[in-house]
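Reading the structure
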Amino acid sequence: MKPPAPAHACAIVLVLLPLLAVLQTTCAQKNAIDIYSLTVDSRVSSRFAHTVITSRVVNRADSMQEATFQMELPKKAFITNFSMIIDGVMYPGNIKQKDAAQKQYSAAVARGESAGLVKATGRKMEQFQVSVSVAPSAKVTFELVYEELLKRRLGVYELLLKVQPRQLVKHLQMDIHIFEPQGISFLETESTFMTNELADALTISQNQTKAHIRFKPTLSQQQKSAEQQDTVVDGNLIIRYDVNRTLSGGSIQIENGYFVHYFAPEGLSMIPKNVIFVIDTSGSMMGKKIRQTREALIKILEDLRPEDHFNLISFSREATQWKPSLVPASTQNVEEAKKYANSIKAQGGTNINDAMLMAVQLLDTATREEQLPSGSVSLFLLLTDGDPTVGETNPTKIQKNVQEAIGGQYSLFCLGFGFDVSYAFLEKLALDNGGLARRIYEDSDSALQLQDFYQEVANPLLTAVTFEYPSNAVEEVTQDNFRLFFKGSEMVVAGKLRAQSPEVLSAIVSGQLPMENITFQMESQVAKQEEEFQKPKYIFHGFMERLWAYLTIHQLLERMVSASDADKQALETQALGLSLNYSFVTPLTSMVVTKPEGQEQSQVAEKPMENVKTAGVNFSKAGVSLYARVHDLPSKTVGTPGLNAPVLYRYTSRKLDPDLRIPSRKGFLANPLLASSSSGGPTILDDYLDETMEETSPTAPPPAPIQAPTVILPLPGQSTDQLCVDIKRTPGPLLLLLSDPDQGLEVTGEYKMEKAQFSWIEVTFKNPQLQVHVSPEHVVVTRGRRSSEYKWKETLFVVMPGLTMTMDKAGLLLLSSPDKVTIGLLSWDGLGEGLRLLLRDTDRFSSHVDGILGRFYQGVLWGPPDTTDDSKRTLRARGFDFDATRELKLDYQEGTPGTEISCWSVAL
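Residues numbered from 1 in each chain as written. Predicted model: local features only at pLDDT ≥ 70, side-chain atom pairs only at ≥ 80, totals over all residues. Heavy atoms only, no water.

1. Some thoughts on the packing of aromatic side chains
- Within this structure, the stated rule accounts for 30 aromatic pairs.
- Considering the side-chain rings of Phe413 and Phe453, the 6.3 Å spacing of their centres and the 65° angle between planes classify their relative orientation as edge-to-face. Taken as a pair, Phe413 in strand β23 (residues 411–417) and Phe453 in helix α8 (residues 446–457) lie far apart in primary sequence, 40 residues in all.
- For Phe413, a relative accessible area of 2% translates into the label buried.
- Arranged with centres 6.4 Å apart and planes meeting at 80°, the rings of Tyr550 and Phe584 form a pair that is edge-to-face. Separated by 34 residues along the polypeptide, Tyr550 in helix α10 (residues 543–562) and Phe584 in the loop between α11 (565–581) and β31 (589–597) bring together distant segments of the chain.
- Judged by its relative accessible area of 3%, Tyr550 is buried.
- Residue classification places Phe584 among the buried positions, given a relative accessible area of 0%.
- Aromatic rings pair up to connect Phe48, Phe78, Tyr258, Trp548, Tyr550, Tyr582 and Phe584 into one cluster.
- One Lys or Arg, Lys323, reaches over the ring of Trp322 and ends 5.1 Å from the middle of that ring. (Phe/Tyr/Trp six-rings, centres within 6.5 Å; stacked < 30°, edge-to-face > 60°. Helix = DSSP H or I, 4+ residues; strand = E, 2+ residues; numbered from the N terminus. Buried < 20%, exposed > 50% of the residue type's maximum accessible area, 1.4 Å probe, protein only. Lys NZ or Arg CZ within 6 Å of the ring centre and 35° of its normal.)

Have a look at this one:
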């Protein structure tokens, strides 16, 4: 690679889409490129976030090295600046119209020079990177700036920052400043890389209107261990918060001649809704997709309120409606619908057109015949994973048919399952009909994604909402009328004040309730509001003007989706002008970055393709694996005298092991090697066994391994500090394990006697409102109406008011608070694997604790040891006597593989 020549510069185009921030350095020699400083400064002023990432690197090698700046940004964010300083020379980024930038890009590629790279990296982010060659001892400073308006979703705003330095950094610091004039009502931080060792590096300070979150770890805190020089800092830092609200016209905030009006009143009653679920059951939905759809649909149906009306339409080649008309969401109807949802199967083609027209006809009939509550809201939820293949298959024609049928009366929300679906088709279908589209990502939490989306639109509060401002005060405004306002969301209107505007800005917000109209009036003192934003520590100058431009561009791009060709050009021209004027990298612009001459690479800006995985069985000569069902094998071949029942075996070169079969696309197949002879004579299997198997002799069975108990209870104040409890019989699978109303705590679980395991355990807190549901597969945390899934043995560190939640690589999830009992949940994979419950700080239980485990914290009385066997005694809890035996058990509390302990054991 040529050394950089500082005399000239060549242009490199970074073709960027609306894109958080991750920094990574890759180099030929480990740590030859040393990141000696990495800082993230994010200032959230009135929901608008301005984030600056600065990375300083030095080449400590004695030869030229390549430094790569790589980061991830939220898809809704706009990059506003990127620059590099190399040996004191700045190479800035310039934003140009995409067509003009493309010419420069093509010319650079033709010369063999480099281009920036942008690609999708997940559900919420897109990745950008640029590389530069660094001479020995030379330093480079990278600086990236991007901006985004935080959207309120299910009651919270979320700021997502990603940090991934891939090496220890001498000066690593993240500062998040939040300023909200309405007052901060709730603040939570979540990290996927934080551990208890890093806890001291995170500081959170908060007053009524301001919050400051700082993460500043030392080198030793970043280090995985004394022996390893690798960093533990690798993942997300998420800040969630909300602001104070009342039943009012919202909050108007003013800065530097621009205003923003936030509207999300509290205290409104929910409007009854009429919803038709239109569910794709075509063959492409087969397997995991249809299972997760059934799971989500059952949960969604449980959330319907009695005053709601609903129906279900499933479609593949043909559309089928569950009921001939919409029905009330009574307990009986919901239970019947859940059974129907649980029975849907996937097969056939995809007839979206007929399914949607059938759904519209159902609502039209119900409306015409006055079957629905007066003032109720009607909507459709369409879920599909593919393009139309049956009936009308022209997407444009389908969009026209559906729009004409709906006629502006109802709202349509579209969910696209996976990456095979035509998302552009669904987005236009939704936007044409007053709704929105959302992609559902194929993952273990797809059912949760479906449920969360439904929760966003499940609780309408107002219809036909309009904002009015005096014409002598306001010059320009963003969208000021909205079809629906949902609980947990927020309406945002931004505008420009006239030069000679009045000292008081007034606003009228009107909307419709089921039986009446409602109007909010409010006023805002311009000078007083301007004064609010004069604290440079928390804001950046002119942010509200940029907020107005940002929101306007997003709304123009959205309107372009459903606009006519003539209108689309005018909207594009307006959006492009704002993008260039405010230096936003949008779908209409690109960023051109200059680099030192001679920096040659081969990079292309493109979206990544989804990985396609194929399943198959690999047979090799070195180690053949054959799966089959073996019938009537002689006892000597299996080493178990007298066993003639069918057994499953696995061949692996020289051994025959039980329990596996040959997988195929049609199920499990017997291997022809193991097929029995119709004549009863020798088979290929017999020959194979003679050649490969050694005769074995029966041996005495080994002693039974020491098992882990169902639960270990520390008993404060007792001479015996631990009690091992095993569940041997239950009144039913659902158990109330612990309940303490004074602590606001309840722990329930489902116990399967046949497996001697919990199939799930659930912990519910009243304050904060939180539910943690664990199964062997994953952890699901629900806060209010938001649900998040986490995989076992991933690092998690969440700090919220009144509770801290942590999980480590061993799979131990702890829920702790200074004044509460600590609840631990463990995915135990040692002997007697399964879910385990841990309790700490049990002296904090109140006198009202209850449950099958809670009763052991209510004045337990121990009887004397048995006169004939001092390893036995009796204990009394809540009027019941239990036989306790001194036994060796496996202590799971410190994780796998566990340690042997002697404890008093009781069986429930």
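2. Quick notes on the pattern of salt bridges
- Across all of its chains, the model carries 34 salt bridges by this definition.
- Linking Asp242 and Arg152 is a salt bridge whose minimum nitrogen-to-oxygen distance equals 3.0 Å. In this pair, Asp242 sits in strand β15 (residues 235–243) while Arg152 sits in the loop between β9 (139–149) and β10 (157–163), placing the two residues 90 residues apart along the sequence. For the pair formed by Asp242 and Arg152, the shared burial category is buried.
- Asp308 is paired through a salt bridge with Lys273; the nearest N and O atoms lie 2.9 Å apart. With a gap of 35 residues between them, Asp308 in the loop between α3 (288–302) and β19 (309–315) and Lys273 in strand β18 (residues 273–280) connect regions that are remote in the sequence. Lys273 carries the same exposure label as Asp308, and that label is buried.
- One salt-bridge network, in which partners are shared between bridges, spans Arg47, Arg152, Glu180, Asp242, Arg245 and Glu490. (Salt bridge = Lys/Arg side-chain N within 4 Å of Asp/Glu carboxyl O.)

3. Brief notes about the environment of Ala359
- Following the sequence through the fold, Ala359 ends up in helix α5 (residues 352–368).
- On the basis of relative accessible area, Ala359 is assigned to the buried category, the value being 0%.
- Distance in space between the C-alpha atoms of Ala359 and Val402 is 10.0 Å, their sequence separation being 43 residues.

4. Things to note about the sheet that holds strand β25 (residues 460–468)
- Pairing in this open sheet of 4 strands is antiparallel, and the strands run β27-β25-β29-β30 from one edge to the other. At either end of the open sheet lies a strand with only one pairing partner, and these are β27 (481–486) and β30 (517–525). Taking the axes of each pair of neighbouring strands and ignoring which way they run, one obtains an average angle of 30° across the sheet. (Pairing = 2+ DSSP bridges. Axes fitted to C-alpha atoms, helices over the stretch in contact; angles between N-to-C directions.)

5. Quick word on the state of the cysteines
- This model, assessed by the stated rule, comprises 1 disulfide.
- Paired through a disulfide, Cys724 and Cys903 show a sulfur-sulfur distance of 2.0 Å. Its S-S torsion of approximately -120° makes the covalent link between Cys724 and Cys903 left-handed. Here Cys724 is found in strand β38 (residues 722–726), whereas its partner Cys903 is found in strand β53 (residues 899–907), with 179 residues between them in sequence.
- On the basis of relative accessibility, which here comes to 0%, the residue Cys724 falls in the buried class. (Disulfide = S-S within 2.5 Å.)

6. As for the nonpolar core
- Judged by nonpolar contacts, the single largest core of 63 residues is most densely connected at Leu713, Leu723, Val772, Ile823, Phe856 and Leu875.
- If near-sequence neighbours (up to four positions away) are discounted, Ile823 is found in contact with Leu738, Leu745, Val747, Val763, Leu813, Leu814, Leu815, Leu837, Leu838 and Leu839.
- Counting 57 residues, the second-largest nonpolar core is a separate cluster that includes Ala67, Ile86, Ala138 and Val140. (Core = buried A, V, L, I, M, F, W, Y, C linked by side-chain atoms within 4.5 Å. Contact = heavy atoms within 4.5 Å.)

7. Describing the sheet that holds strand β42 (residues 770–774)
- Ordered by their spatial adjacency, 6 strands build an open sheet running β39-β40-β41-β42-β43-β44, and the pairing between neighbours is antiparallel. Looking along the sheet, the strands with just one partner apiece sit at the ends: β39 (734–740) and β44 (786–791). Neighbour-to-neighbour, the strand axes of the sheet open up by a mean angle of 15°, direction not taken into account.
- Relative to strand β41 (residues 757–765), strand β40 (residues 745–752) runs antiparallel, the two sharing 8 bridges. Each residue of the ladder has a partner; that of Leu745, found in β41, is Phe765.
- Running over the sheet, α8 touches β43 (778–783) and β44 and is turned about 165° from β44.

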